[in-house]
Amino acid sequence: ACTYDGTNSRIYMNGTLRGIASFPGGYTPSTIPVTMGKASHYDGAYSLGQVDEFSIYNRVLTETEINSIYAAGSAGKCAFGAQTVPQFAPLARILPAPSVGGGLSTVRVRLWDAEGNASLPLLQFSPDTTNWFDVTNILTVDGAAYSLATRVPALPIGSEHTLVWNAGAVFPPGVTNIFLRARAKDVSLLGDWSEPMPYQITITLDSDEDGLPDAWEMAAFGNLNQTTNGDFDGDGFSNLNEYLAGTNPNDPNSSLKLRIERLPGVVKLSWQGGSNAPQVLQRSFAVPFGWQNLFTNPASSAAEVTDSLSTSNAFYQLRLGP
């Protein structure tokens, strides 16, 4: 088999790539008829062999596809009776736009499958086109949740799809220039990686400027739709306060709520600690003045404090420490 992509010609023998030659410039128009098994410009120059299922394609077949045709053996490409037609692995390409993204980056891909089988798009990124890393945190494809079980249309004429991935979980704040490439998998066959496409990632700590760091919002909610004043879990503790305290904004039982139990001569105080900052328990006998520090609780731990009282009334509050 032989392929030509406008720059390089590749020769395959027994389904395996044997050589590559550079012929830049594309095809030269000619009126010479196409022949097979005979040199068109030499009389008597014939191939000593037989030709079966000769085909000319209007695209470049991949090495995987050529190998699958060879591996089909006697079944060939034209099946008879119980024989099966060999399947071709799907093709994938990164589209040139958009070529920039942020914490949530959008990548457009085009998939082809000769049999029209639905396929799974896959991505890799590289800083230098030499070292490649799998993109493991794709969130959606065409607006629906993405998983390795996802399959989207891949028509023989091509189908375009939109992927959204959480680049903010991979790259630090600032501008990072990378390369992306794609491949696709249908029912059983995995296609080759596409040619690399340049892509620029710009990560800001708070791209939607709502006072909540993007990384925290993505980890907590899986999106950037929440606000500082919102209370996602309905525990009376705002999203901003949950972030500052390090409590779980999805758990109504996780907040810096002070629980007070009055016992003879003492007061028992308890709360669930946060993970971002220590918490300081304060007491006053004359609100709003005279607050005194009673106890500092380290980050990431719950607390229980017993306070002995010589008077009948006191006020307590929690504040976040430095």
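Note that the structure is predicted; figures quoted are calculated from it, not measured.

Asker: Please clarify how the overall build of the protein chain should be interpreted in this entry.
Answerer: Of the regular secondary structure elements, the protein chain holds three helices and 19 strands. By principal-axis analysis of the C-alpha atoms, the protein chain measures approximately 120 × 45 × 25 Å. With 322 residues in all, the protein chain has 35% of them scored as buried. Across the protein chain, every contact between residues at least 6 apart in sequence was considered, and the portion connecting residues at least 24 apart equals 54%. Accessible surface, the protein chain: about 18,400 Å² in total, of which carbon and sulfur atoms supply 55%. Here the protein chain contributes 18 positively and 29 negatively charged side chains, and the mean placements of these two sets differ by 3 Å.

Asker: Is there a simple way to think about the pattern of salt bridges in this case?
Answerer: Side-chain pairs of opposite charge can arise where the charged atoms are in close proximity. Counted by the stated rule, this structure contains six salt bridges. Across the pair Glu 160 and Arg 110 runs a salt bridge, and its minimum N-O distance is 3.1 Å. Taken as a pair, Glu 160 in strand β11 (residues 159-166) and Arg 110 in strand β6 (residues 104-112) lie far apart in primary sequence, 50 residues in all. Measuring nitrogen to oxygen at the nearest pair gives 2.9 Å for the salt bridge that ties Arg 283 to Asp 307. Within this pair, whereas Arg 283 is found in strand β16 (residues 279-284), its partner Asp 307 is found in strand β18 (residues 303-308), the two being separated by 24 residues in sequence. For Arg 283, a relative accessible area of 12% corresponds to the buried category. Owing to a relative accessible area of 8%, Asp 307 belongs among the buried residues under this scheme.

Asker: Sorry, what's going on with the confidence of the model for the protein chain here?
Answerer: The predicted coordinates ought not to be read in detail in places where the model reports low pLDDT. On average, residues of the protein chain carry a pLDDT of 85, and 90% of them reach 70 or more. The element-level mean pLDDT for the protein chain is lowest in helix α1 (residues 63-71), coming to 80, with strand β7 (residues 120-126) highest at 97.

Asker: Even after reading the chapter, I still don't get the sheet that holds strand β3 (residues 16-22), so can you show me in this structure?
Answerer: Strand pairs in the sheet, formed through backbone hydrogen bonds, run parallel or antiparallel to each other. The strand order across the open sheet built from three strands is β1-β2-β3, with neighbouring strands paired in antiparallel fashion. Each edge of the open sheet is held by one strand with a lone partner, namely β1 (2-4) and β3. Adjacent strand axes in the sheet meet at a mean angle of 20° when their direction is disregarded. Bridge count between strand β2 (residues 8-13) and β3: six bridges; the pairing is antiparallel. When the bridges of β3 are listed, Ser 9 appears paired with Ala 21.

Asker: Looking at this structure, I do not really get the side chain of Arg 183. What am I missing?
Answerer: The residue Arg 183 is located in strand β12 (residues 174-185) in this model. No salt bridge is formed by the buried Arg 183. Its closest oppositely charged neighbour is Asp 192, at 5.2 Å. For Arg 183, the side chain forms a polar contact with the main-chain oxygen of Gly 191, separated by 2.9 Å. In contact with Arg 183, other than residues within four places in its own chain, are Ala 92, Leu 120, Pro 121, Leu 122, Leu 190, Gly 191, Asp 192 and Trp 193.

Asker: Please clarify how helix α2 (residues 214-221) should be interpreted in this entry.
Answerer: Of all eight residues in α2, six are buried; the element is thus mostly enclosed. Close packing links the buried residues of α2 with β6, β9 (138-141), β11 and α3 (239-245).

Asker: So what exactly am I meant to see when it comes to α1 here?
Answerer: Helical geometry note: an α-helix holds 3.6 residues per turn, so side chains three or four residues apart project in the same direction. Along α1, the residues that are buried comprise Glu 65, Ile 66, Ser 68 and Ile 69. Here the buried residues of α1 occupy an arc of 160° about the axis, which is enough to place them on one side. The inward-facing, buried residues of α1 contact β1 and β2.

Asker: Would you take a moment to explain the layout of surface pockets for this structure?
Answerer: One simple way to see leftover space: roll a probe sized like a water molecule over the atoms. Roughly 1,400 Å³ of volume is contained in the largest pocket. Along the wall of the largest pocket there are 34 residues; nearest its centre are Ala 1, Cys 2, Met 36, Phe 54 and Ser 55. Within this model, the second largest pocket holds a volume of roughly 570 Å³. Lining the second largest pocket we find 17 residues, and of these Arg 10, Val 60, Thr 62, Arg 93 and Glu 195 sit closest to its centre. Among the elements of the structure, β2 and β4 (91-94) are those that each provide at least two residues to the lining of the second largest pocket. If one sorts the elements of the lining of the second largest pocket by residue count, β2 sits on top with three residues. Looking at side-chain class alone, the lining of the second largest pocket contains six nonpolar, four polar and seven charged residues.

Asker: Looking at this structure, how should I read the nonpolar core?
Answerer: Residues Leu 123 and Trp 165 are the most contacted members of the largest nonpolar core, which totals 26 residues. Elements represented by at least two residues in this core include exactly β4, β6, β7, β9, β11, β12 and β13 (197-203). Contacts of Leu 123, omitting those with residues within four sequence positions, involve Ile 94, Val 107, Val 109, Phe 133, Asp 134, Val 135, Ile 138, Leu 163, Arg 181, Ala 182 and Trp 193. Phe 237, Leu 269, Leu 309 and Tyr 316 belong to the second largest nonpolar core, which has 11 residues in total.

Thresholds applied
Residues numbered from 1 in each chain as written. Predicted model: local features only at pLDDT ≥ 70, side-chain atom pairs only at ≥ 80, totals over all residues. Heavy atoms only, no water. Helix = DSSP H or I, 4+ residues; strand = E, 2+ residues; numbered from the N terminus. Buried < 20%, exposed > 50% of the residue type's maximum accessible area, 1.4 Å probe, protein only. Contact = heavy atoms within 4.5 Å. Areas by Shrake-Rupley, 256 points an atom, 1.4 Å probe, with all protein chains shown as cover. Lys, Arg positive; Asp, Glu negative; His and termini not counted. Charge placed at Lys NZ, Arg CZ, Asp CG, Glu CD. Salt bridge = Lys/Arg side-chain N within 4 Å of Asp/Glu carboxyl O. pLDDT = per-residue confidence, 0-100. Pairing = 2+ DSSP bridges. Axes fitted to C-alpha atoms, helices over the stretch in contact; angles between N-to-C directions. Polar contact = N/O pair within 3.5 Å; in protein donor to acceptor, adjacent residues only side chain to side chain. Arc of directions from axis to C-beta. 1 Å grid on protein atoms, 1.4 Å probe; cavity = no way out; pocket = protein on both sides within 12 Å on 5 of 7 lines; lining within 4 Å. Points joined across faces, edges and corners; volume = space filled by probe spheres on them. Nonpolar A, V, L, I, M, F, W, Y, C, P; charged D, E, K, R; others polar. Core = buried A, V, L, I, M, F, W, Y, C linked by side-chain atoms within 4.5 Å.

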